[in-house]
Amino acid sequence: MKTIFLIISLFYINSVSSQNNIRISSDFPGGNIIVQKISKDTVWLKPDLSFTEGKWFYWYFKISNISGKRIIFKFEQNNVFTKFGPAYSINNDNTWKWYGENRVVNNSFSFFFTEQDSLAYFCVAFPYTEINFYKFLSNLKNKELLKIDTLCLSPENRIIEKIVLPSLINKPAFKVVITARHHACEMTENYVLEGIIESILNEKDLEFLRKNVEFLFIPFIDKDGVENGEQGKNRIPRDHNRDYDTQSIHRSTAALRTMIPSWSEGKVKIALDLHCPWIKGNRNEDIYLVGNSDSTIANNQMVFSKLLEKNSIGEIKLYHSNFLPYGVGWNAYKNFSTGMSFSRWASHLVGISLSTTLEFPYANVSGIAVSKDGARIFGKAIAYAIKEYLELKK
Ligand SMILES: [Zn+2]
């Protein structure tokens with residue numbers, strides 16, 4: 001009897017203690033983490049760099065059994081935190097906040113969870129996967145004007161969306177293509193894209209665009225990478241944004257190379273490819289355009305960059321002085337020796353006027369913390385700059 005009681009007690013203690021053990025997972029869309037060790041209330045982590053050449057910094061995990069605990073998170077890899085620390089969301093509240101400046105010391109931070117906290121998500125920045133895009137669409141005013149179609153299926157059979165906004169007049173004077181997530185980890189650019197689409201559909205003063213321009217939006221070039229939580233940047237065997245010469249190895253880039261020239265009918269004036277830069281520091285904490293090697297395109301980029309500065313009326317601003325000319329910093333030939341980027345490829349389209357990469361930081365824009373709405377308001381500035389650019393060049 002005594003033995004049975006002891007066994008039952010041990011079973012009870014074990015099961016309680018395993019219920020109380022911290023659990024970390026990444027088995028959800030966009031999830032990415034490698035758990036190296038968990039000891040009491042300290043966890044050792046690092047980003048999963050699968051299919052990535054060199055180091056990158058995307059990570060996103062869920063932690064449960066946290067109620068009332070102070071947990072210490074230690075990362076073994078340098079440069080995995082933005083200036084404002086990690087982003088977090090508690091108890092599935094779907095609001096994401098920056099943990100704050102100076103909260104990370106030696107790649108570690110600690111977090112005190114209240115008794116009511118049962119689970120939390122932590123991420124390098126504010127995550128954005130397919131579900132966020134459909135949520136955005138479901139709440140979008142005038143969404144019926146958009147034609148949501150399929151560019152192609154991904155290797156894992158996901159739909160890679162091709163969204164067309166036809167012009168109100170029968171034969172549009174202009175066409176504009178906007179792409180995002182050539183690099184799966186660059187989540188922040190999708191909030192910017194939301195702002196662009198919402199503004200074009202609904203801003204009273206953007207009637208010119210609705211009337212005269214047909215838009216093509218590709219929100220997730222590397223859909224599998226986004227959903228699987230991969231870095232995508234410097235992808236092995238080939239980065240999606242270096243896949244625009246010789247034979248494309250990725251389905252979405254191959255499909256775009258076929259589709260855009262026939263869709264364009266020589267009317268594509270603007271090709272805009274959204275990106276996020278490196279995680280922090282010099283040039284990575286400002287919004288800027290990446291100068292093309294073609295001087296005509298580069299001059300047009302400067303016109304557009306100034307229009308973006310003029311239309312940056314929100315807290316988050318682009319300053320034209322941050323324009324990155326070709327040949328300066330990382331924007332040099334050696335960075336493109338592994339293949340052609342989308343914006344370089346699009347600069348050869350018949351009739352193109354402006355083909356550009358726009359870099360939008362993950363967390364810190366010239367000292368201002370990125371918020372979802374801040375990014376969307378900057379998207380509005382892009383929409384207005386497109387209107388003014390086309391009016392100027394027509
Ligand atoms: Zn990128």
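Nothing here was measured: the structure is a model prediction, and the numbers come from that model.

Engineer: Let's hear about the overall build of the protein chain: which residues, and what values?
Structural biologist: Counting its regular elements, the protein chain contains nine helices and 18 strands. Seen through its C-alpha atoms, the protein chain measures out along the principal axes to roughly 90 × 45 × 40 Å. Split into buried and exposed, the 394 residues of the protein chain put 56% on the buried side. Sequence-distant contacts in the protein chain: of pairs separated by 6 or more residues, those separated by 24 or more amount to 76%. Approximately 17,400 Å² of the protein chain is accessible, and the part contributed by carbon and sulfur atoms is 52%. In the protein chain, 47 positive and 40 negative side-chain charges are present, and the distance between their average locations comes to 1 Å.

Engineer: I'd love a proper account of the coordination of the zinc ion, names of residues and values included.
Structural biologist: In this structure, H183 (ND1), E186 (OE), E186 (OE) and H275 (ND1) serve as the protein donors to the zinc ion, at separations of 2.0 to 2.3 Å. Around the zinc ion, the four donor atoms sit at angles spanning 57 to 150 degrees, and that spread fits a shape best called irregular. Here the donor residues of the zinc ion are spaced in sequence according to H-x2-E-x88-H. Taken as a pair, H183 and E186 share a single burial class, namely buried.

Engineer: So what about the pattern of salt bridges? Which residues, and what values?
Structural biologist: Evaluated as defined, the whole model comprises 18 salt bridges. A salt bridge links K223 to E130; its shortest N-O distance comes to 2.6 Å. Pair noted here: K223 is in helix α5 (residues 223–228) and E130 is in helix α2 (residues 130–138), with a separation of 93 residues, a long-range link. For E130, a relative accessible area of 26% corresponds to the partly exposed category. Taking the shortest distance from any N to any O, the salt bridge between R376 and D373 comes out at 2.7 Å. Of this pair, R376 and D373 both sit in helix α9 (residues 372–393), three residues apart, which is roughly one turn of that helix. Under the relative-accessibility criterion, D373 is labelled partly exposed at 48%. Salt bridges sharing partners connect three or more residues here, namely E130, E161 and K223.

Engineer: Go over the side chain of S341 with me, naming the residues and quoting the values.
Structural biologist: With respect to the helices, strands and loops of the structure, S341 is situated in the loop between α7 (295–311) and α8 (342–346). You can call S341 buried: its relative accessible area is 4%. Contact partners of S341, with chain neighbours within four places excluded, come to N241, R242, Y244 and F336.

Engineer: How would you sum up the packing of α2 against helix α3 (residues 188–202)? Please name residues and give values.
Structural biologist: The N-to-C vectors of α2 and α3 enclose an angle of 20 degrees; their axes lie 11 Å apart at closest approach. By the angle between their directions, the pair α2 and α3 is classed as roughly parallel. Relative to α3, the crossing made by α2 is right-handed. Seen from α2, the contacting residues are N132, F133 and F136; seen from α3, they are E194, I197 and E198. Here the contact of α2 with α3 is built from residues that sort into three nonpolar, one polar and two charged.

Engineer: Talk me through the sheet that holds strand β14 (residues 268–275); I want residue IDs and the actual numbers.
Structural biologist: Spatially, seven strands are ordered β10-β11-β13-β12-β14-β16-β15 in an open sheet, and the strand pairing comes out mixed. Of all strands in the sheet, those with a lone pairing partner are β10 (147–153) and β15 (288–290), marking the two edges. In this sheet, neighbouring strand axes are inclined to one another by 25 degrees on average, regardless of whether the strands run parallel or antiparallel. Bridge analysis of strand β11 (residues 159–165) against strand β13 (residues 213–218) gives three bridges, and the strand direction is antiparallel. Among the inter-strand pairings, V164 is bridged to a residue of β13, identified as L216. Running over the sheet, helix α6 (residues 251–264) touches β10, β11, β12 (174–179), β13 and β14 and is turned about 130 degrees from β10.

So, how was this worked out
Residues numbered from 1 in each chain as written. Predicted model: local features only at pLDDT ≥ 70, side-chain atom pairs only at ≥ 80, totals over all residues. Heavy atoms only, no water. Helix = DSSP H or I, 4+ residues; strand = E, 2+ residues; numbered from the N terminus. Buried < 20%, exposed > 50% of the residue type's maximum accessible area, 1.4 Å probe, protein only. Contact = heavy atoms within 4.5 Å. Areas by Shrake-Rupley, 256 points an atom, 1.4 Å probe, with all protein chains shown as cover. Lys, Arg positive; Asp, Glu negative; His and termini not counted. Charge placed at Lys NZ, Arg CZ, Asp CG, Glu CD. Donors = N, O, S within 2.8 Å, 3.2 Å for Na, K, Ca; no water. Tetrahedral: all angles 85-135°; square planar, octahedral: opposite > 155°, others 65-115°. Salt bridge = Lys/Arg side-chain N within 4 Å of Asp/Glu carboxyl O. Axes fitted to C-alpha atoms, helices over the stretch in contact; angles between N-to-C directions. Parallel < 35°, antiparallel > 145°, perpendicular 65-115°, else oblique. Left-handed = near helix turned anticlockwise from the far one by under 90°. Nonpolar A, V, L, I, M, F, W, Y, C, P; charged D, E, K, R; others polar. Pairing = 2+ DSSP bridges.

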